[in-house]
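Geometric and topological summary
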Amino acid sequence: RPRVLSGIQPTADSFHLGNYLGAVRNWVAMQDTHDAFYCVVDLHAITAGHDPETLRRRTRVGAAQLLAAGLNPDRCTLFVQSHVPEHAQLAWVLGCITGFGEASRMTQFKDKSSRQGTERSSVGLFTYPILQAADILLYQADAVPVGEDQRQHLELTRDLAQRFNGQFGRTFTVPSAFIPKETAKITDLQDPTAKMSKSASSPAGIIDLLEDPARSAKKIRSAVTDTGREIHFDPEAKPGISNLLSIYSALSGRSIPDLEEAYTGRGYGDLKKDLAEIVVEFVKPIQERTATYLDDPVQLDKLLAVGAEKARSISAATLRTVYQRIGFLAPA
Ligand code: AQP
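Residues numbered from 1 in each chain as written. Predicted model: local features only at pLDDT ≥ 70, side-chain atom pairs only at ≥ 80, totals over all residues. Heavy atoms only, no water.

**Focus on the site of the ligand**
By nearness alone, 24 residues border the ligand, and H16, K112, D149, K198 and S199 come closest of all. Here a nitrogen atom of the ligand sits 2.9 Å away from a polar atom, N or O, in the main chain of M196. Between S197 and the ligand, the recorded distance is 2.9 Å, taken from a side-chain N or O atom to an oxygen atom. When the ligand sits alone it has 640 Å² of accessible area, and the protein chains cover 97% of it. Taken together, the elements giving at least two residues each to the shell around the ligand come down to strand 1 (3-8), helix 1 (17-30) and helix 5 (107-116). When residues in the shell around the ligand are grouped by element, the largest group, four residues, is from helix 1. Its residues assigned to classes, the shell around the ligand comprises six nonpolar, 13 polar and five charged. (Near = heavy atom within 4 Å. Polar contact = N/O pair within 3.5 Å; in protein donor to acceptor, adjacent residues only side chain to side chain. Areas by Shrake-Rupley, 256 points an atom, 1.4 Å probe, with all protein chains shown as cover. Helix = DSSP H or I, 4+ residues; strand = E, 2+ residues; numbered from the N terminus. Nonpolar A, V, L, I, M, F, W, Y, C, P; charged D, E, K, R; others polar.)

Have a look at this one:
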């Protein structure tokens, strides 16, 4: 079976619909077709400032949400990144074959650092994509299911894998990004040209999976839509309605042309009302299951410890090869 790896940051009290449709939904599907490794990337979550207790809570809530969304520990390996020390170890090595100019071209760093002020941004935020490359390459992943915002980081990962292989002998699988077009970028409900984002969206622009469903319904009903009245998928001319159609299609399994036809002659209000109901029905069971997992944190932590052990059996072997190839003296 081909291998898949992906991760998600515990940087909010809940994941949002963009995280789910862009990434997590595909993680669930790929459990059946791939040897699947998924992690809550807490090392990444400290790159932009954080509170320790909040991070610990969000890490558990994140893992619980992933299980509630459909990850099954019998069919995939779910773990917390900091439980597997090889991630940080490989990141150092990869950092030493990454050009400073190359790292400086990462647009996510430019966006996030400009929000925080470059002077105040951490070096960790700058080297974030190198740690992400380590996450992926440690497991020899063939595929990495992510949203469109991660495409450039995936390109860097591929470049680093090829560079390392070229210099030190074939060590890493060169991974491919898996970014299905339809849900690659779920946009902000209030600013439909920007991505829905934990850190950048306003509360009205983002649907959190764990928020009060009545609140989500209200946000959908107040989503910014476009001039005109026709319900037609056209992300350039009608970004608001197109975003709602993408969400509707992904959650209902109905194709976009089918929805366009069903809503011919009907108004934006009808579409929003129906989608609000679909979203509510979708999040309710996820919320219930998340609460069940969180009711038993000891069991949840055990499950994550088993995941980390499984992950380490792969990551430790890769790191050993890397250390040997680059010429580190093996401890006697
Ligand atoms: N709006 C989105 N549409 C589609 N996919 C998305 N993803 C994020 N936002 C969207 C995908 O979700 C996965 C996990 O994301 P992350 O936790 O690594 O954080 P991120 O990509 O940086 O997303 P956010 O919400 O903007 O978080 P913050 O604000 O903490 O940086 C990834 O696969 C991502 O592509």
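There's plenty left to go through after this.
**Some details on helix 3 (residues 86-95)**
Taken as a whole, helix 3 has its buried residues at E86, H87, L90, A91, V93 and L94. One face of helix 3 carries all of its buried residues, which in axial projection span an arc of 165°. Buried positions along helix 3 lie against strand 3 (76-80), helix 6 (123-138), helix 7 (151-168) and helix 12 (297-326). (Buried < 20%, exposed > 50% of the residue type's maximum accessible area, 1.4 Å probe, protein only. Arc of directions from axis to C-beta. Contact = heavy atoms within 4.5 Å.)

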